[in-house]
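Working through the structure, step by step
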Amino acid sequence: MNEARPGRPSAEEIERLLLGLPPRYTRAEVAAASGVPQPLAERIWRALGFAQRADDAVAFTEGDADALRRVRGMLDAGLLDEPTLIRMARALGQTTARLAQWQAEIMMGTLAPEPEPQPGPEPEAEPPADADLDRVLDTARKLMPDFEHVLVHVWRAQLAAAGTRLLAIADVSDEPAPARVPMAVGFADLVSFTRRSRELDEKALAELVEGFESRASDVVATHGARLVKTLGDEVLFTAPDPAHAAAVALDLAVTDDLRIGLAYGPVVPLMGDVFGTTVNLAARLTAIARPGTILVDAALAEALTGHGGYELRKIRHRPARGLGVVQPYVLRRSSL
């Protein structure tokens, strides 16, 4: 059992508060109660990202048993096979783990903020005060019911949006689920991030990264594109066509803090990410772009030719690591 400082909630108490049910099963018992073979149940827990418990640890709740019963129902009905189930569990586990960590950090930062730095030697970090932790947990308890409903609604809405994108892809392909699809890919990169990370304190650096990611997310969503992932000083996004990608890039690159690379061509969508030469080309164009500029590849430049609102200027050929010599174009908003 995890020990806690007197007056502080233990890990078990936090789990009880957030899960709402006490643990009552061991690994073998929860598998037996659900009717799911224990090896499969353990593969599911691992795919979800949970550490393996000792054989005699009473660590699973009735909620865990009910979740496994639903899994058994999906398998029995033939809706999913085991390999697909494990892939779905891994997608669920990785996504919700990041979501939960992110939200916990927001709650702690808002309700139990660190003290403002004072002049002089940096003091050792102190754990949050008991009153702050109590306030965080009490707020979490009150938020849980409503947020759970919001979470399910947003997931359904995102699933609908993903289905719409896949339908649009299928409409331009002879295959119902093509392995490679034409797509515009963009990288936006914060300039001189390494130098800035040395100059800024932790709070200022966190605010810089969060502000960049927040703004990028808003702009990408506004233009009907998709934010694929964030990498601290860089974001990767996709758009259904070059015009949407160009609109995102032009709205992002309003200061010299960013450089952006765009490419258009076939990509391989996999596990919520995108792969392929087009993605690599967009990354290489970003690396060679000057601060405050947008570089696009020849395919995207050709697709934008004739569209109003854009100005494209061919520059000299550049070597791109792993891709040979490429022909970049500088993209600007038209002054007409």
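Residues numbered from 1 in each chain as written. Predicted model: local features only at pLDDT ≥ 70, side-chain atom pairs only at ≥ 80, totals over all residues. Heavy atoms only, no water.

1. A few points about helix α3 (residues 38-48)
- Taken together, the buried positions of α3 are L40, A41, E42, I44, W45, A47 and L48.
- Where α3 is buried, its residues contact α2 (27-34), α4 (62-76) and α5 (82-111).
- A positive phi of about 95° marks G49, the residue just after α3. (Buried < 20%, exposed > 50% of the residue type's maximum accessible area, 1.4 Å probe, protein only. Helix = DSSP H or I, 4+ residues; strand = E, 2+ residues; numbered from the N terminus. Contact = heavy atoms within 4.5 Å.)

2. Here we look at a positive patch on the surface
- Together, R290, R313, R316 and R332 make up a region of like positive charge exposed at the surface.
- Residue placement: R316 occurs in the loop between β7 (310-314) and β8 (318-320).
- Taking relative accessible area as the criterion, R316 reaches 58% and is therefore assigned exposed. (Patch = residues over 30% accessible without salt bridge, like charges linked within 9 Å, V, L, I, M, F, W, Y side chains within 5 Å. Areas by Shrake-Rupley, 256 points an atom, 1.4 Å probe, with all protein chains shown as cover. Salt bridge = Lys/Arg side-chain N within 4 Å of Asp/Glu carboxyl O. Lys, Arg positive; Asp, Glu negative; His and termini not counted. Charge placed at Lys NZ, Arg CZ, Asp CG, Glu CD.)

3. Observations regarding a nonpolar patch on the surface
- On the surface, L143, F147, V150, L151 and V154 cluster together to form a nonpolar patch covering roughly 400 Å² of accessible area.
- With respect to the helices, strands and loops of the structure, V154 is situated in helix α6 (residues 130-171).

4. Notes on the pattern of salt bridges
- The tally for this structure, following the rule as stated, stands at twelve salt bridges.
- Among the ionic pairs, R70 bridges to D66, the shortest N-O distance being 3.2 Å. Residue R70 and its partner D66 are both found in helix α4; the two are separated by four residues, about one turn of the helix.
- Under the relative-accessibility criterion, R70 is labelled exposed at 58%.
- By relative accessible area, which is 33% here, D66 ends up partly exposed.
- Ionic pairing is found between K142 and D138, a salt bridge with its closest N-O pair at 3.1 Å. With K142 and D138 both in helix α6 and four residues apart, the pair spans about one turn of that helix.
- Assessed through its relative accessible area of 55%, K142 is described here as exposed.

5. Examining helix α10 (residues 277-288)
- Between its first and last C-alpha, α10 extends 17 Å over twelve residues, near the 16 Å set by a 1.5 Å rise per residue.
- Listed in full, the buried residues belonging to α10 are T278, V279, L281, A282, L285 and T286. For α10, the angular spread of the buried residues around the axis is 160°, confining them to a single face.
- Packed against the buried residues of α10 are β1 (181-190), β3 (234-239), β4 (258-270), β5 (273-275), β6 (294-296) and β9 (324-326). (Expected span 1.5 Å × (residues − 1). Arc of directions from axis to C-beta.)

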